[in-house]
Amino acid sequence: MIYMHRANLKWIFTFLLIIFLRLNFAQNKFSNDIDGNYRDPRVREFIYPTRIIWSTTNSDSSQILNPARLINVKEKQITLLNGDYCTMINKGR
């Protein structure tokens, strides 16, 4: 049988305890989402806009068409197929 010094056993025990605690805390640091699943705080999420804070009025130098479409919930992928978009025109004056 192999004989170990108490100092070696203390270091091994400390090392295993640190690994166990790190693994245990890594699982519990995530908050729960609505379904009760763990949610990683490092994951980025898209937040849809809810209102337009500031806008210029249409004038002879600029024009904004369909500004309300900026706050509509839609696909996150950019597309020009459905025609549901806001147009900002600068007439250079």
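Just above, that's the structure.
Since this is a predicted model, take the numbers as computed values, not measurements. (Residues numbered from 1 in each chain as written. Predicted model: local features only at pLDDT ≥ 70, side-chain atom pairs only at ≥ 80, totals over all residues. Heavy atoms only, no water.)

K.L.:
I'm lost on the environment of N72 in this one. Help?
P.N.:
Along the polypeptide, N72 turns up in the loop between β3 (62–65) and β4 (87–90). Once the C-alpha coordinates of N72 and Y85 are considered, the two residues, 13 residues apart in sequence, prove to be 9.6 Å apart. (Helix = DSSP H or I, 4+ residues; strand = E, 2+ residues; numbered from the N terminus.)

K.L.:
Is there a simple way to think about a nonpolar patch on the surface in this case?
P.N.:
A surface patch of nonpolar side chains, about 580 Å² in accessible area, is lined by L9, I12, F15, L16, I19 and L23. By the secondary structure assignment, F15 is in helix α1 (residues 6–28). (Patch = residues over 30% accessible without salt bridge, like charges linked within 9 Å, V, L, I, M, F, W, Y side chains within 5 Å. Areas by Shrake-Rupley, 256 points an atom, 1.4 Å probe, with all protein chains shown as cover. Salt bridge = Lys/Arg side-chain N within 4 Å of Asp/Glu carboxyl O.)

K.L.:
Help me understand unusual backbone geometry, please; the structure alone is not making it clear to me.
P.N.:
Most peptide bonds adopt trans geometry, and most residues besides glycine take a negative phi value. Of note in this structure, N66 is not a glycine but carries a positive phi near 60 degrees. Along the chain, N66 turns up in the loop between β3 and β4. Residue classification places N66 among the partly exposed positions, given a relative accessible area of 37%. (Buried < 20%, exposed > 50% of the residue type's maximum accessible area, 1.4 Å probe, protein only.)

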